[in-house]
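# Close look at the chain arrangement
If you want the building blocks of each chain, they are given just below.
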Amino acid sequence: MERLLRLVRGALDVLYPKRAECMGCGSRAGFDRDWLCEACRRELASRWVGAGQPPRGGVIEGAAYGYRYGGPAAGMVRNLKYRGVRLLAEPMGRAMASAFSALQPLEIDGVVPVPMHPKRRRDRGYNHAALLAAQVAGQLDLPLLDVLSRTRDTRQQARLSDAERMSNLENAFALAGEVADKALLLVDDVCTTGATANACAKALLDGGARRVWLLCYAEARNGT
Ligand SMILES: [Zn+2]
């Protein structure tokens, strides 16, 4: 009987991931608003960034971030990325749209998600950055321009030095759409070293884009 219960519970976990838990800290006490418990909402608010520094490299014009990475911000990213809670893209995208307003006034012609390698996208079933970009585009009433593709799987990035990351990322992105003379807003979940964002921006600028800004849910760069 117990075994059967365990099986049923396991099946239910697959069908209905435990969404009654706080997406920030995992507390089973659950969440009340925005998928977060009150303590996480308070901590998240204290991590607010808004307008920030673009990654070094001089490729990206300016940047805005929702939150400093960590705590509930990390929980939200993890749940969106690895636990399939796609609905989190809505509150996350809303926060990103607010962060973007710190960069105003800006004329943007379209929102571009950082692409995923096709194999990884197949494995995961969705590109989390594209979900966020779609939310941001909807909130800001801008076209979603899915114009980048990832031609190289750069999965091992985390273990590499900055220089290695950059060379690993060279030519990892290709243009898959028209961007000539457009001012674009590049969207990703987390900005760490900025190497990915810089490589994407470079591909867009090489393709004739006028300028590229960056908007991420969280900023995880050293010293910030
Ligand atoms: Zn919480």
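Quick summary incoming for the structure in this document. Sequence order as written defines the numbering, with residues in each chain counted from 1. With the structure being a predicted model, the display of local features is reserved for residues of pLDDT at least 70 and the display and counting of side-chain atom pairs for 80 or more, all residues being used for whole-chain, interface and lining totals. Hydrogens and waters are ignored; side-chain quantities use all the structure's heavy atoms.

### Some thoughts on the packing of helix H7 (residues 162–169) against helix H8 (residues 195–206)
Geometry is summarised by axes, namely lines fitted to C-alpha atoms with helices restricted to the contacting stretch, and by angles between N-to-C directions that run from 0 to 180 degrees. Runs of H or I in DSSP of at least four residues are treated as helices and runs of E of at least two as strands, each being numbered from the N terminus. Close contact between H7 and H8 brings their axes to 9 Å; oriented N to C, the two are set at 35 degrees. In this structure, H7 crosses over H8, and the sense of that crossing is right-handed. Where H7 abuts H8, its residues Arg165, Met166 and Leu169 lie against Ala195, Thr196, Asn198 and Ala199. The classification used treats Ala, Val, Leu, Ile, Met, Phe, Trp, Tyr, Cys and Pro as nonpolar, Asp, Glu, Lys and Arg as charged, and all other residues, Gly among them, as polar. Split into classes, the residues belonging to the contact of H7 with H8 amount to four nonpolar, two polar and one charged. A crossing counts as left-handed when the near helix is turned anticlockwise from the far one by less than a right angle, and as right-handed when that turn is clockwise. Residues count as neighbours in contact if any of their non-hydrogen atoms are within 4.5 Å of one another.

### Some points on the coordination of the zinc ion
Coordination here is defined by N, O and S atoms within 2.8 Å of the metal (3.2 Å for Na, K and Ca), and since water is not considered, a site can look incomplete. Surrounding the zinc ion are the protein donor atoms Cys22 (SG), Cys25 (SG), Cys37 (SG) and Cys40 (SG), which sit 2.3 Å from the metal. In this structure, the zinc ion is surrounded by four donor atoms whose angles at the metal cover 105 to 118 degrees, and the resulting shape is tetrahedral. All donors of the zinc ion come from a single chain, and their spacing in sequence reads C-x2-C-x11-C-x2-C. In this pair, Cys25 is assigned in the loop between helix H1 (2–15) and helix H2 (38–46) and Cys40 in helix H2, connecting sequence segments 15 residues apart. For each residue, the accessible area found with a 1.4 Å probe, counting protein chains only, is set against the maximum for its type, and the residue is called buried under 20%, exposed over 50%, and partly exposed in between. Residue class for Cys40 comes out buried when judged on its relative accessible area of 6%. By the criteria applied here, four donors are tetrahedral when all angles lie between 85 and 135 degrees, four are square planar and six octahedral when opposite donors are over 155 degrees apart and every other angle lies between 65 and 115, and any other arrangement is irregular.

### Here we look at the layout of surface pockets
A cavity, in this analysis, means grid points on a 1 Å lattice covering only the protein atoms where a 1.4 Å probe fits yet has no way out; a pocket is instead an open set bounded by protein on both sides within 12 Å along at least five of seven lines, and a residue lines either one if it has an atom within 4 Å of a point. Grid points are joined across faces, edges and corners, and a volume is the space filled by probe spheres set on the points. There is about 690 Å³ of room inside the largest pocket. In terms of lining residues, the largest pocket is bounded by 32 residues, among which Lys81, Asp189, Val190, Thr192 and Thr196 are the most central. Looking at the lining of the largest pocket, the elements that each hand over two or more residues are helix H3 (71–82), helix H5 (118–124), helix H6 (128–140), strand S6 (183–191) and H8. Across the lining of the largest pocket, the residue classes break down as 14 nonpolar, nine polar and nine charged.

### Some remarks on the packing of aromatic side chains
Pairing of aromatic rings covers Phe, Tyr and Trp, the last through its six-membered ring, and needs centres within 6.5 Å; plane angles under 30 degrees mean stacked, over 60 mean edge-to-face, and all others mean tilted. Tallying each qualifying case throughout the model produces three aromatic pairs. A centroid spacing of 5.3 Å and a plane angle of 75 degrees characterise the contact between Trp48 and Tyr67, whose relative ring orientation is edge-to-face. Placement of Trp48 in strand S1 (residues 48–52) and of Tyr67 in strand S2 (residues 63–68) is noted, with a sequence separation of 19 residues between them. A relative accessible area of 11% means that Tyr67 is categorised as buried. When the centroid spacing of 5.4 Å and the interplanar angle of 65 degrees are considered together, the rings of Tyr67 and Tyr217 count as edge-to-face. Linking Tyr67 in strand S2 with Tyr217 in strand S7 (residues 211–219), this pair joins segments that are 150 residues apart in sequence. You'll find Tyr67 and Tyr217 in the same group, each marked buried. Ring pairing ties together the aromatic residues Trp48, Tyr67 and Tyr217, which thus form one cluster.

### Structural notes on the pattern of salt bridges
Here, a salt bridge means any Lys or Arg side-chain nitrogen found within 4 Å of an Asp or Glu carboxyl oxygen. Counting across every chain of the model gives 11 salt bridges. Among the ionic pairs, Arg41 bridges to Asp32, the shortest N-O distance being 2.3 Å. Here Glu90 makes a salt bridge to Arg94, at a shortest N to O gap of 3.1 Å. On the criterion of helical spacing, the pair formed by Glu90 and Arg94 is a turn pair, its members being four residues apart in helix H4 (residues 89–100). Exposure remark for Glu90: the relative accessible area of 31% places this residue in the partly exposed category. The exposure class of Arg94 is partly exposed, given its relative accessible area of 30%. Linked through salt bridges whose partners overlap, the residues forming this network are Glu21, Arg28 and Arg83.

Function cannot be read off these values alone, since they describe shape.
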